[in-house]
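# Per-entry structural report
For reference, the chains in residue letters:
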Amino acid sequence: MQRRKLLWASKRRIFINVFAVFLLIATLYQNYIEDSVPASASAYGNQFVSTHTKWYEVLSYGIPGIETVNKDGAKSENGMGQSVFNMIRLVTNIDRQDIRSLIRAEIPVLATVKTTTAIASNTSALPNFDKIKTIPKGKPIVALYHTHTAESFIPSSGAAHAPGGQTGEIVEVGDALVQALAQKNIVTLHDKTIHDYPSFMKAYGKSEETVTRIVKENPSIEMIFDVHRDADKRANVVTTIQGKNVAQIMIIVAQGQADLPQPHWEENYAFAKLIKTKCDAKYPDLIKSIQLVDWRYNQHLHPHALLLEVGSQETSLEEGEQAMFLLGDILSEIIQENK
């Protein structure tokens, strides 16, 4: 039995390594295609880019049956092709619709890529948090946006992402937080600009422009959240609070890199710890963890900017909304206590 387990683990590792090479080639190919189109490209040029934005398309050259052709000549993913990707996800836990899941697959060929560092869940004392200045009546205090606007939840929408150029259910999750804060008379700015179309890979460049604009036009903003959903198994991202299933929230704090300075990371980290400490006391398990990453995720633009991963593709919209109602309660407490 032990020998069989070792053999299976070895075969699985080989399969993941081969698959990783395909994905790396696909990503490089996509970047080449996008960079080859000039910024001044016409509508035809933009259409050309959009046909190359799915990082898994290159796999179709090596795996027969991944794509089929409809009557109108358009490619679709069904039949044998969908079965192949379902098998890949079952064996490797890699979601073809979320390239971040590749990083999480613990692939040796990507060992040089540093992803996230988990932070201890118990914080012994509340961190320092700057007092909120007086806010003019009617001005927004909280801002929300979505770098990956198309993200959705399979149980409620039937897909992990909305079709190209459309907003997914993650935007409705943001709406739930807006409603929760409105009940506490807190004005929230919810920016629904689409950032991940036609290029998923360039979404953060576009969302950085959005955050820069928000900060410039709304000096009253005290908190900024980039709301996402994670890519993980349902069992790892759902908890029960007050008798209801609730999607857990993972908070991402960006530390920056040598060539990407992040002057606000310690303030953002203190803010994240404050949220987690208060959630742990009132709604245990709502905040799954705080994670530090070596990038910026637009958090260099504000001292209270965080990225929130709400549930995963396997949780439902309702579970994500429940999480936002509880988080809204906590944020309102922080705002009231720090006025």
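Our subject is the structure that appears above.
Residues numbered from 1 in each chain as written. Predicted model: local features only at pLDDT ≥ 70, side-chain atom pairs only at ≥ 80, totals over all residues. Heavy atoms only, no water.

### A short note on the overall build of the protein chain
- Across its full length, the protein chain carries nine helices and eleven strands.
- In the protein chain, which comprises 339 residues, the share counted as buried stands at 49%.
- Taking contacts inside the protein chain between residues at least 6 apart in sequence as the whole, the part at least 24 apart equals 76%.
- For the protein chain, the exposed area adds up to about 16900 Å²; of that, 54% sits on carbon and sulfur atoms. (Helix = DSSP H or I, 4+ residues; strand = E, 2+ residues; numbered from the N terminus. Buried < 20%, exposed > 50% of the residue type's maximum accessible area, 1.4 Å probe, protein only. Contact = heavy atoms within 4.5 Å. Areas by Shrake-Rupley, 256 points an atom, 1.4 Å probe, with all protein chains shown as cover.)

### Some details on helix H8 (residues 265–282)
- Relative to the 26 Å expected for 18 residues at 1.5 Å per residue, H8 spans 26 Å between its end C-alpha atoms, a close match to the ideal helical length.
- Taken residue by residue, H8 has Asn 268, Tyr 269, Ala 270, Phe 271, Ala 272, Leu 274, Ile 275, Lys 276, Thr 277, Lys 278 and Cys 279 as its buried positions.
- In the core, the buried residues of H8 are packed alongside strand S6 (223–230), strand S9 (249–254), strand S10 (287–293), strand S11 (305–312) and helix H9 (317–337). (Expected span 1.5 Å × (residues − 1).)

### What to know about unusual backbone geometry
- With an omega of 5°, the peptide bond between Tyr 197 and Pro 198 qualifies as cis.
- Structurally, Pro 198 is set in the loop between strand S5 (188–190) and helix H7 (203–217).
- In this structure, Gln 242 takes a positive phi of about 55° despite not being glycine.
- The topology assignment puts Gln 242 in the loop between strand S7 (238–241) and strand S8 (244–247).
- Looking at Gln 242, the relative accessible area reads 64%, which means it is exposed.

### What about the pattern of salt bridges?
- Applying the stated rule across the entire model yields ten salt bridges.
- In this structure, Asp 329 and Lys 184 form a salt bridge, with 3.8 Å as the shortest nitrogen-oxygen distance. With Asp 329 in helix H9 and Lys 184 in the loop between helix H6 (169–182) and S5, the pair connects residues that are 145 residues apart, well separated along the chain.
- A salt bridge links Lys 276 to Asp 280; its shortest N-O distance comes to 2.9 Å. Of this pair, Lys 276 and Asp 280 both sit in helix H8, four residues apart, roughly one helical turn.
- Judged by relative accessible area, which is 3%, Lys 276 ranks as buried.
- Sharing partners across several salt bridges, the network here consists of Lys 184, Lys 278, Lys 282, Asp 329, Glu 333 and Glu 337. (Salt bridge = Lys/Arg side-chain N within 4 Å of Asp/Glu carboxyl O.)

### Section: the nonpolar core
- Within the largest apolar cluster, 43 residues are counted, with the highest numbers of intra-cluster contacts made by Val 142, Phe 225, Ile 249, Ile 251, Ile 275, Leu 286 and Val 310.
- Broken down by element, this core gets its largest block of residues, nine residues, from H9.
- What Val 142 contacts, discounting residues up to four positions off in sequence, is Leu 181, Ile 186, Val 187, Thr 188, Leu 189, Ile 221, Met 223, Phe 225 and Ile 335. (Core = buried A, V, L, I, M, F, W, Y, C linked by side-chain atoms within 4.5 Å.)

### Details of the environment of Ala 162
- Inspection of the secondary structure puts Ala 162 in the loop between helix H5 (154–157) and H6.
- The sequence separation of Ala 162 and Glu 151 amounts to eleven residues, and the corresponding C-alpha distance is 6.5 Å.

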